[in-house]
Amino acid sequence: MHRAQSQRSKAKYLKRRKGSISLINGVSHMSRRAKRRLYCKLQLWMWRKWREKCHFGIFRAKKRFGSSPGLSLKTQKNKRKAYQALNAAKTSVLVSALGCDTGGSEAPRKRQNQDVNTDAAADSYTCEDVTQSRVPGTTPAQRLEVGSPSAQTAGTPGQDQSTVTDTDETISSKKTVSPHTDVSLNALTKDIHEFLDDFYMKYGSLIPLRKNDVLRHLKGKFYTGLSDRKNTVLSEVTRYRAAILQKPVPSFQVVYKKHTLTLDDLLTLADQNWLNDQVMNMYGELIMDSSQQKVHFLNSFFHRQLMTKGYDGVKRWTKQVDLFSKRLLLVPIHLEVHWCLVTADIVQKKICLYDSQGNGLQKVGRNILKYLMTEAKEKKQTAFESGWTVAFDEKVPQQTNENDCGVFVLEYSRCLALTRPLHFSQKDIPKIRKRIYKELCDCKLHEQD
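Computed from a prediction, not measured in an experiment: that's the story for all the values here.

A.B. asks: Outline the packing of aromatic side chains, listing residues and values.
C.D. replies: Applying the stated criterion across every chain yields a total of eleven aromatic pairs. Here the aromatic rings of Phe-199 and Tyr-203 are separated by 4.7 Å at their centres, their planes lie at 50°, and the arrangement is tilted. You can see Phe-199 and its partner Tyr-203 sitting in helix 6 (residues 185-203), four residues apart, about one turn around the helix. On the basis of relative accessibility, which here comes to 5%, the residue Tyr-203 falls in the buried class. On the numbers, 5.9 Å between centres and 45° between planes, the contact of Tyr-354 with Tyr-412 is tilted. Of this pair, Tyr-354 sits in strand 8 (residues 350-354) while Tyr-412 sits in helix 13 (residues 405-417), and the two are 58 residues apart along the sequence. The pair Tyr-354 / Tyr-412 is uniform in exposure class, with both members buried.

A.B. asks: Hey, could you go over the side chain of Ser-300 for me, with residue numbers and the actual values?
C.D. replies: Note that Ser-300 resides in the loop between strand 5 (295-297) and helix 11 (302-314). For Ser-300, the side chain forms a polar contact with the side chain of Asp-277, separated by 2.7 Å. Leaving out residues up to four positions away in the same chain, Ser-300 has contacts with Asp-277, Asn-281, Pro-332 and Trp-339.

A.B. asks: Give me the lowdown on the environment of Glu-336, citing residues and values where you can.
C.D. replies: Structurally, Glu-336 is set in the loop between strand 6 (328-334) and strand 7 (339-345). The sequence separation of Glu-336 and Arg-304 amounts to 32 residues, and the corresponding C-alpha distance is 10.0 Å.

A.B. asks: Please provide a residue-by-residue account of the packing of helix 6 against helix 14 (residues 429-442), values included.
C.D. replies: Packed helix pairs are specified by the crossing angle of their axes together with the interaxial distance, meaning the distance between the axes. Interaxial distance between helix 6 and helix 14 falls to 10 Å at its minimum, and their mutual angle equals 70°. Between helix 6 and helix 14, the crossing angle belongs to the class labelled roughly perpendicular. In contact with Phe-199, Lys-202 and Tyr-203 of helix 6, helix 14 contributes Tyr-437, Lys-438, Cys-441 and Asp-442. For the contact of helix 6 with helix 14, the residue count by class is four nonpolar, no polar and three charged.

A.B. asks: Could you give me a rundown of unusual backbone geometry, with the residues and numbers involved?
C.D. replies: Of note, the phi angle at Asp-271 is positive, near 55°, even though the residue is not glycine. Residue classification places Asp-271 among the exposed residues on the basis of a relative accessible area of 69%. At Gln-292, a residue that is not glycine, the phi angle is positive and equals roughly 55°. Residue Gln-292 is classed as exposed on the basis of its relative accessible area of 61%.

A.B. asks: Before we move on, can you summarise the pattern of salt bridges with the specific residues and values?
C.D. replies: One pass over the full model with this rule turns up twelve salt bridges. With a closest N to O distance of 3.4 Å, Arg-216 and Asp-213 form a salt bridge. You can see Arg-216 and its partner Asp-213 sitting in helix 7 (residues 211-222), three residues apart, about one turn around the helix. On the basis of relative accessibility, which here comes to 10%, the residue Asp-213 falls in the buried class. Between Glu-375 and Lys-379 there is a salt bridge, and its shortest N-O distance comes to 2.8 Å.

A.B. asks: I'd like a description of the confidence of the model for the protein chain, backed by residues and values.
C.D. replies: Predicted confidence across the protein chain gives a mean pLDDT of 74, with 62% of residues reaching 70 or more. Between the elements of the protein chain, mean pLDDT differs from a low of 34, seen in strand 1 (residues 142-145), to a high of 97, seen in helix 13. Note on residues 56-72: pLDDT is under 50 here. Beyond four places in sequence and across chains, it has ten contacts. Confidence drops under pLDDT 50 across residues 93-181; counting only partners more than four residues distant or on other chains, this segment forms 122 contacts.

What counts as what
- Residues numbered from 1 in each chain as written.
- Predicted model: local features only at pLDDT ≥ 70, side-chain atom pairs only at ≥ 80, totals over all residues.
- Heavy atoms only, no water.
- Phe/Tyr/Trp six-rings, centres within 6.5 Å; stacked < 30°, edge-to-face > 60°.
- Helix = DSSP H or I, 4+ residues; strand = E, 2+ residues; numbered from the N terminus.
- Buried < 20%, exposed > 50% of the residue type's maximum accessible area, 1.4 Å probe, protein only.
- Polar contact = N/O pair within 3.5 Å; in protein donor to acceptor, adjacent residues only side chain to side chain.
- Contact = heavy atoms within 4.5 Å.
- Axes fitted to C-alpha atoms, helices over the stretch in contact; angles between N-to-C directions.
- Parallel < 35°, antiparallel > 145°, perpendicular 65-115°, else oblique.
- Nonpolar A, V, L, I, M, F, W, Y, C, P; charged D, E, K, R; others polar.
- Salt bridge = Lys/Arg side-chain N within 4 Å of Asp/Glu carboxyl O.
- pLDDT = per-residue confidence, 0-100.

Here it is as structure tokens:
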């Protein structure tokens, strides 16, 4: 009797299992993965119920056999119907909680009545399959990863609610054109911060930072223009810049040959500050190195020393240098509150004055002429003792404020030393300041961009 009752219970279990599979397969908008997860959870819950009912049935059978076998057949049928109704209700609640709209479509109801061999179909896959279904209405280049962040699982009998949070999957929509096309906001923010941290450590501040630096870095890392996230990137950089200003200034300095620049020296390149002698002289050293020593940049203190002590005061400055073997001589001139540049073309024996405010100070040019003639006599370069001319170039870029004369002098020197045209203007000065800052920290001149 016990065996017969167990077989009947098993048959009922298999019938309910077939009905639940029909219900699950009838849901059209769920992915195969979600259906498999739901199927496994239903199987677990129904197996527990069947096992408990078998134990309960054995106990009731023994009790009826030993005492009162008088439970009527009608009462047993009513209890069976009530149990099946409860089972169907719980199944419906579980399916709807997992995202199935059991009441909004006729397809699930029709599929319940179809005689389909779902047991064989269910045995042909497992819950670990990770295939995805194509979402109707989307292009072939797009897929939707379907998974419920609040997926629920069946509980033990006696519980009023059988839902627990399942955080294994999250709903996301991604383009699959390239593995680097779509980048999450967290990954993007993390990479921006890492780039800015490295930039801050390398340059001591964010003064030379340009927005193109960040965008170029992100393009190289993610192989995409990120044009739709440009505002997000710029706002994140702004927040980082505001936060970094609250941190103490690091002990930062740049050492190159005999030159040492502190962060205070480099800060003269920020905004519209006046450049100091340390910045002028180290940048002149970089210009000489970039020209393969065919150009000589005299120290910014040279002219002042020449005016106060004459030739004897600067005679030793060129003890190890043969000026007349160079192609070009660059002499920065500091006139109290203004910088200008005097050049000497050694080949053509021509001295020229470059002034960003248009001041034709011929006296400054004649001072350099007198020095070169004396230097040629001391070094026994008779070919350079005469034949020099002094000119003033009026067609050079001009400044429109009172603060950028030092930057103009450095840009004049760079272009002339590298034989580049003087194609820049006042509007380019902020970008030039940032580039000079980077070049000083990197101890080399960069290609213009």
